[in-house]
Amino acid sequence: LHQRQRVRASAAQLWDFFSQPRNLLRLTPPDVRFEMLTHDLPNHVHPGLMIAHRLQPLPLPGLRLTWLTEITHVE
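Here the structure is a predicted model, which means the values were calculated and not measured.

*Asks:* Is there a simple way to explain the overall build of the protein chain in this structure?
*Replies:* Helix and strand counts for the protein chain stand at 2 helices and 3 strands. In the protein chain, the succession of helices and strands from N to C terminus is α-α-β-β-β. Taken over C-alpha atoms, the radius of gyration comes to 14 Å for the protein chain, far larger than the 11 Å a tight globule of 75 residues would show. Here the C-alpha coordinates of the protein chain stretch approximately 40 × 30 × 20 Å along the principal axes. By the burial criterion, 21% of the 75 residues in the protein chain qualify as buried.

Below you can see the structure in the form of structure tokens.
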């Protein structure tokens, strides 16, 4: 699978968008049923940030996973 998308924005504008943890909701396809469990999030990611979420990776009834993401490095 290969896909290319062009975005008319500067690198700084793109980083500002992608580094905001709340934008994970906007970036995740709706069929995954992504739910953010961590509500007290900073404006931008940083090393040591822990984010809990729940999702349904496959369209199987009752299969919902709780996921914990730790940001270990930001460049």
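Moving on from the model shown.
*Asks:* Explain the sheet that holds strand E1 (residues 35-36) here, please?
*Replies:* In sheet architecture, strand pairing relies on hydrogen bonds along the backbone and comes in two forms, parallel and antiparallel. Read across the open sheet, the 3 strands follow the order E1-E2-E3; overall the sheet is antiparallel. Edge positions in the sheet fall to E1 and strand E3 (65-70), since each of these pairs with one other strand and no more. Sheet topology note: the strand E2 (residues 50-55)/E3 ladder contains 6 bridges and is antiparallel. Bridge assignment links Ala-52 to a residue of E3, and that residue is Leu-68.

*Asks:* I would appreciate a short explanation of the environment of Ile-51 in the present structure.
*Replies:* Relative to the helices and strands, Ile-51 is located in strand E2. On the basis of relative accessibility, which here comes to 2%, the residue Ile-51 falls in the buried class. Spatially, the C-alpha atom of Ile-51 lies 18 Å from that of Pro-29, the residues being 22 residues apart in sequence. Beyond its immediate stretch of four places on either side in the chain, Ile-51 contacts Pro-21, Met-36, Thr-38, Leu-41, Trp-67, Leu-68 and Thr-69.

*Asks:* Mind showing me how you'd approach the packing of aromatic side chains here?
*Replies:* Pairs of aromatic rings are described using the distance from one ring centre to the other and the angle between the two planes. Tallied over the entire structure, the rule returns 1 aromatic pair. Where Phe-17 meets Phe-18, the ring centres are 5.2 Å apart and the plane angle is 90°; that geometry is what we call edge-to-face. Overall, the relative accessible area of 24% leaves Phe-17 in the partly exposed class.

The rules behind these values
- Residues numbered from 1 in each chain as written.
- Predicted model: local features only at pLDDT ≥ 70, side-chain atom pairs only at ≥ 80, totals over all residues.
- Heavy atoms only, no water.
- Helix = DSSP H or I, 4+ residues; strand = E, 2+ residues; numbered from the N terminus.
- Rg over C-alpha atoms; globule rule 2.2 N^0.38 Å.
- Buried < 20%, exposed > 50% of the residue type's maximum accessible area, 1.4 Å probe, protein only.
- Pairing = 2+ DSSP bridges.
- Contact = heavy atoms within 4.5 Å.
- Phe/Tyr/Trp six-rings, centres within 6.5 Å; stacked < 30°, edge-to-face > 60°.

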